[in-house]
Amino acid sequence: VQLQASGGGLVQAGGSLRLSCAASGRTFSVYAMGWFRQAPGKEREFVAAITWYGGITRYADSVKGRFTISRDNGKNTVYLQMNSLKPEDTAVYYCAVGNTMVVVTTNPSSWGQGTLVTVSS
């Protein structure tokens, strides 16, 4: 499956952005989907994940209560709504796919190209 992330940009602290990740190729709906991010000089880290049917979600502690992951299987798209953004959320955000939640949160099968989010103070 091929992934194309979009929606990044520059936003002030406290603002909101919504990232999108469009999938193509193999059947999108059977995969768990996730978002990761990599800040300058840091390792890539898990942000959020959602099961293929959308019934279970997981979040990193650093984004709980501020970010919401969702998906639309009819549009082959997963979203990351980011509210109350902080400067420390600045990073390149990547979408990812895996057969299960365990796979997508630890060792995804495929990655998108990344979209840059910059939060100014």
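Preceding this section is the structure that the text describes.
Report on the accompanying structure. (Residues numbered from 1 in each chain as written. Predicted model: local features only at pLDDT ≥ 70, side-chain atom pairs only at ≥ 80, totals over all residues. Heavy atoms only, no water.)

Looking now at the nonpolar core. By size, the foremost hydrophobic cluster in this structure holds 30 residues, and its most contacted members are Trp35, Leu80, Met82 and Tyr93. Secondary-structure elements contributing two or more residues to this core are strand S1 (2-6), strand S3 (17-24), strand S4 (32-38), strand S5 (45-50), strand S7 (67-72), strand S8 (77-82), strand S9 (91-98) and strand S11 (115-120). Excluding residues that lie within four positions of it along the chain, Met82 makes contacts with Gly15, Ser16, Leu17, Leu19, Arg66, Phe67, Tyr93 and Val117. (Core = buried A, V, L, I, M, F, W, Y, C linked by side-chain atoms within 4.5 Å. Buried < 20%, exposed > 50% of the residue type's maximum accessible area, 1.4 Å probe, protein only. Helix = DSSP H or I, 4+ residues; strand = E, 2+ residues; numbered from the N terminus. Contact = heavy atoms within 4.5 Å.)

On to the pairing of S3. As judged from the five bridges shared by S1 and S3, these two strands associate in the antiparallel manner. Its bridge partner being in S3, Ser6 is matched across the sheet by Ser20. Relative to S8, S3 runs antiparallel, the two sharing six bridges. Within S8, the residue paired with Leu19 across the bridge is Leu80. (Pairing = 2+ DSSP bridges.)

Further remarks concern the packing of aromatic side chains. Taken as a whole and assessed by the stated rule, the structure comprises four aromatic pairs. Relative to Phe46, the ring of Phe36 lies with its centre 5.7 Å away and its plane at 75 degrees, an arrangement referred to as edge-to-face. Pair noted here: Phe36 is in strand S4 and Phe46 is in strand S5, with a separation of 10 residues, a long-range link. Owing to a relative accessible area of 6%, Phe36 belongs among the buried residues under this scheme. Taking 4.9 Å as the distance between ring centres and 70 degrees as the angle between the ring planes, the aromatic pair formed by Phe36 and Trp111 counts as edge-to-face. With Phe36 in strand S4 and Trp111 in strand S10 (residues 110-111), this residue pair connects regions lying 75 residues apart in the sequence. Taken together through their ring pairs, the aromatic side chains of Phe36, Phe46, Tyr94 and Trp111 make up a single cluster. Here the basic side chain of Arg44 rests over the ring of Tyr94, its NZ or CZ set 3.9 Å away from the ring centre. (Phe/Tyr/Trp six-rings, centres within 6.5 Å; stacked < 30°, edge-to-face > 60°. Lys NZ or Arg CZ within 6 Å of the ring centre and 35° of its normal.)

Purely geometric numbers; function is a separate question.
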